[in-house]
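Spelled out, the chains give:
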Amino acid sequence: MNQQAFRTIPSVHKLLESPEISQLMTMYPRQVVVNILREVLENIRQSLVCKTDTLHRHDNSRGTSLNPPFTKGGMNEEERGNSGKEKEEKGEGSDQLKAIDLTPGRISCLVQQVLRQKFNGIGYAVNATGIILHTGLGRSPLADTAAEQIADIVKGYCTLEIERLTGRRGSRYQGIEKLVCMITGAESALVVNNNAAAVLLALDTIARGKEVIISRSELVEIGGSFRMPDVMSRSGACLVEVGTTNKTYLSDYSNAITEHTGLILKVHQSNFKIIGFTKSVDLKDLASLGKTHTIPVVYDLGSGAFVDLHKFGLPYEPTVQEAIKAGTDIVTFSTDKLLGGPQGGIIAGKKKWIDLLKKNPLTRALRVGKLTVAALEATLRLYLEEDRALKEIPTLKMMVTPPEIVEARCKRLTDSIRQETKAFLNISLLDGASEMGGGSLPGEVIPTKRISLHSETLHAEELAARLRSNTPPIFTRIERNCVIMDMRTVSDTEIDIIATALEKVSSQE
Ligand SMILES: *Cc1c(COP(=O)(O)O)cnc(C)c1O
C-alpha cells in the first residue's frame, strides 16, 4: 500500500511546472524553492513510511499544524477548498490515501510555509495592542518628515560627514548636536546607538577604575540583561551604593565621596515606582554637591522627554531641559522612547565632559549610521516648534489623542465591517487603558476605547494567530477569550487593513 502511496507523490520536475510552484518562484529565488520543495517531498515520503494511525490521529484536527504536513486536517486556510475536489477525482482506494492531499496546491502551500519561516525578517505590522512604545514592534514609529529624510538620502550619496563649503571631512554628529543644544540648552551633545551605550560610554570615559556613587533605590534593571551594577563592572567602574531602597539623603552621597570618586550617578526610575515612605535627593542639590567637590554628576534619564507631558493630563516625567537647567554635567536618554525618533542614545551636557567622551575609542564602536542620523535630525527639527512635534511625531500624537477620537476610530472600523463578518465575530466597544510601554511611565495608563471580538466557534488564541498571519500582520491582545484591539495605536489608514483581515479570517470558517 505504501508503494502505491509513493507513486502518487508528484515529481519535482512536474511540480516545478505547476502554476502554484511557479508562482512561488516569482517571490523567492528559484534554487531556494527547489531545495525546499525537495525537503518537503522527502518529509512526505518519510511520513508515509510511518504507521497509518498517525494519519488518522490528525485527520480531524483543525488549524495550521504542520505535523504531519500532508493530512487533510493540517491544511492551511489559504488553499483550503481548492484542493479537495482534485483529490476525489483521483479516486484512491484506501482510507489512508483519502486523507492525503498531494495536489500541487497543497504542496506549494507547505513549501510556502517553510519559505515564510526561513525568510520571516522585519516587515511592516499593525499595532492594535494599545502599547504605544512596544519594543517588539519597533518602539517609536517615525514622523513623516523623518521617513522622508531617510528615503531622500539612502538611494544616493549624502552629506553624512563632509563640509559642503570646504569639501573637507566633517562630523556626522554636528547637525544633531546643534539641534540638541538648541532644544535643551546643553553646551554640547553626542549621539550613540542607544541609551544603554550612552551610559556605558559615560561610565567608561569618566569613571574607569574609579568609584561611582549611586543610590540603592536606583540600581535598576532596564531589561534585556541591562542591569546598572553589571554595566558598571563592565565599564571598569567600582560601585558605591548609598542610602536604602526607599530613602537616600544628600548626606549619604557626601559621606561617600572620597579621592577615588569618579562620578555621581542618578538613574531615573523609569520602569518602576517606589511609593510611600520615600526620600530622594533633588537633582539641583546633587549637582551643587558635585560642583563643590568637582565630581561630575551623570543623570540617566531613560525616556528623555522634551515636552512637559503634565500639561496634557499625562503623568509627570522629568524633561531633558529641566535636567540640564539643574546643572547636571551629563544627561543621557533614549531617542526612541518618549522622544519618538529612531533608536539612539543622546548624551548632552557640559562641553568639558562631552569632549572627553568624543575622544574615547569606544565612541567609534558605538557610532550611529546615516539612517539614524537622517531620521533623528528630522525628528529633532520638529521639536523646535512644540506644536509641530505634538502634531507630527506619532508617539506624542498617540499619547495625547483624546478617547473620543479613539472611539470614532473604533466606530469607523465597526462600520466598515460587513454584516456576515459581524455575525461570526461578536463585536463590542469597550472602555480600556492604553499603556506607554518601553519601560516608560510605569503603572500609568491612558484611558482609551477598544474593540472586543468574540467568536462562538473560534478560540481567541486562534483568531489572534490568524490576524498575525495576515499580510501585514496585526497584533492584538487577548482577554477572557476575547481578542481586544485598542485603536489608540492604530492609524486611520490601517482601519481598512483590519476590516479586510477580519473578513478574510471569518470567511475561513
Ligand atoms: C530605557 C532605559 C535605558 C536603556 O535605553 P535604550 O535606549 O533602550 O538602550 C537605560 N536607562 C533607563 C533609565 C531607561 O529607562
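Residues numbered from 1 in each chain as written. Predicted model: local features only at pLDDT ≥ 70, side-chain atom pairs only at ≥ 80, totals over all residues. Heavy atoms only, no water.

1. Here's the deal with the nonpolar core
No. 1: Within the largest apolar cluster, 72 residues are counted, with the highest numbers of intra-cluster contacts made by Leu265, Phe333, Ile347, Tyr383 and Met399.
No. 2: In terms of residues, this core owes the most to one element, helix 11 (residues 195-207), which gives eight residues.
No. 3: Among the domains, domain 2 (126-134 + 400-507) and domain 3 (170-392) are the pair contributing at least three residues each to this core.
No. 4: Once residues within four sequence positions are removed from consideration, tyrosine 383 is found in contact with Ile183, Phe306, Val307, Leu338, Leu339, Ala389, Ile393 and Leu396.
No. 5: By size, the runner-up hydrophobic cluster in this structure holds 26 residues, among which are Val126, Ile451, Ile474 and Val490. (Core = buried A, V, L, I, M, F, W, Y, C linked by side-chain atoms within 4.5 Å. Buried < 20%, exposed > 50% of the residue type's maximum accessible area, 1.4 Å probe, protein only. Helix = DSSP H or I, 4+ residues; strand = E, 2+ residues; numbered from the N terminus. Domains from an automatic or database assignment. Contact = heavy atoms within 4.5 Å.)

2. Brief notes about the site of the ligand
No. 1: Close contacts around the ligand come from 13 residues, with Ala196, Ser270, Asp300, Ser334 and Lys337 the closest.
No. 2: At 2.9 Å from an oxygen atom of the ligand is found a main-chain nitrogen or oxygen belonging to alanine 196.
No. 3: Relative to its free-state accessible area of 380 Å², the ligand is covered by the protein chains to the extent of 93%.
No. 4: Every element with two or more residues in the shell around the ligand is listed here: helix 11 and strand 9 (297-302).
No. 5: A per-class count over the shell around the ligand returns four nonpolar, six polar and three charged. (Near = heavy atom within 4 Å. Polar contact = N/O pair within 3.5 Å; in protein donor to acceptor, adjacent residues only side chain to side chain. Areas by Shrake-Rupley, 256 points an atom, 1.4 Å probe, with all protein chains shown as cover. Nonpolar A, V, L, I, M, F, W, Y, C, P; charged D, E, K, R; others polar.)

3. Quick look at the packing of helix 3 (residues 19-27) against helix 8 (residues 104-119)
No. 1: Packing of helix 3 against helix 8 leaves a shortest axis separation of 8 Å and a crossing angle of 25 degrees. Classified by the angle their axes make, helix 3 and helix 8 are roughly parallel. From helix 3, Glu20, Ile21, Leu24 and Met27 reach across to helix 8, where they touch Pro104, Gly105, Ser108, Val111, Gln112 and Leu115.
No. 2: Across the contact of helix 3 with helix 8, the residue classes tally to six nonpolar, three polar and one charged. (Axes fitted to C-alpha atoms, helices over the stretch in contact; angles between N-to-C directions. Parallel < 35°, antiparallel > 145°, perpendicular 65-115°, else oblique.)

4. Quick notes on the sheet that holds strand 10 (residues 330-334)
No. 1: Reading across the sheet, the seven strands line up as 3-11-10-9-8-4-7 and stay open at both edges, with mixed pairing between neighbours. The strands lining the two open edges of the sheet, one partner per strand, are strand 3 (188-192) and strand 7 (238-242). Each adjacent strand pair in this sheet contributes to an overall mean axis angle of 25 degrees, direction not counted.
No. 2: On the sheet, helix 16 (residues 351-359) packs against strand 3, strand 10 and strand 11 (345-349) and is oriented at approximately 30 degrees with respect to strand 3. (Pairing = 2+ DSSP bridges.)

5. Here's the deal with the sheet that holds strand 16 (residues 482-486)
No. 1: The mixed open sheet is built from five strands, whose spatial order is 2-12-13-16-15. Both outer strands of the open sheet, strand 2 (131-133) and strand 15 (477-479), are each paired with one neighbouring strand and no more. In this sheet, neighbouring strand axes are inclined to one another by 40 degrees on average, regardless of whether the strands run parallel or antiparallel.
No. 2: As paired elements, strand 13 (residues 445-454) and strand 16 share four bridges and run antiparallel to each other. Counterpart to leucine 453 in the pairing with strand 16 is valine 483.
No. 3: Helix 21 (residues 403-415) rests against strand 12 (426-437), strand 13 and strand 16 of the sheet, and its axis sits at about 15 degrees to strand 13.
No. 4: Across the sheet, helix 23 (residues 460-468) lies against strand 13, strand 15 and strand 16, angled at about 45 degrees from strand 16, the strand it touches most.

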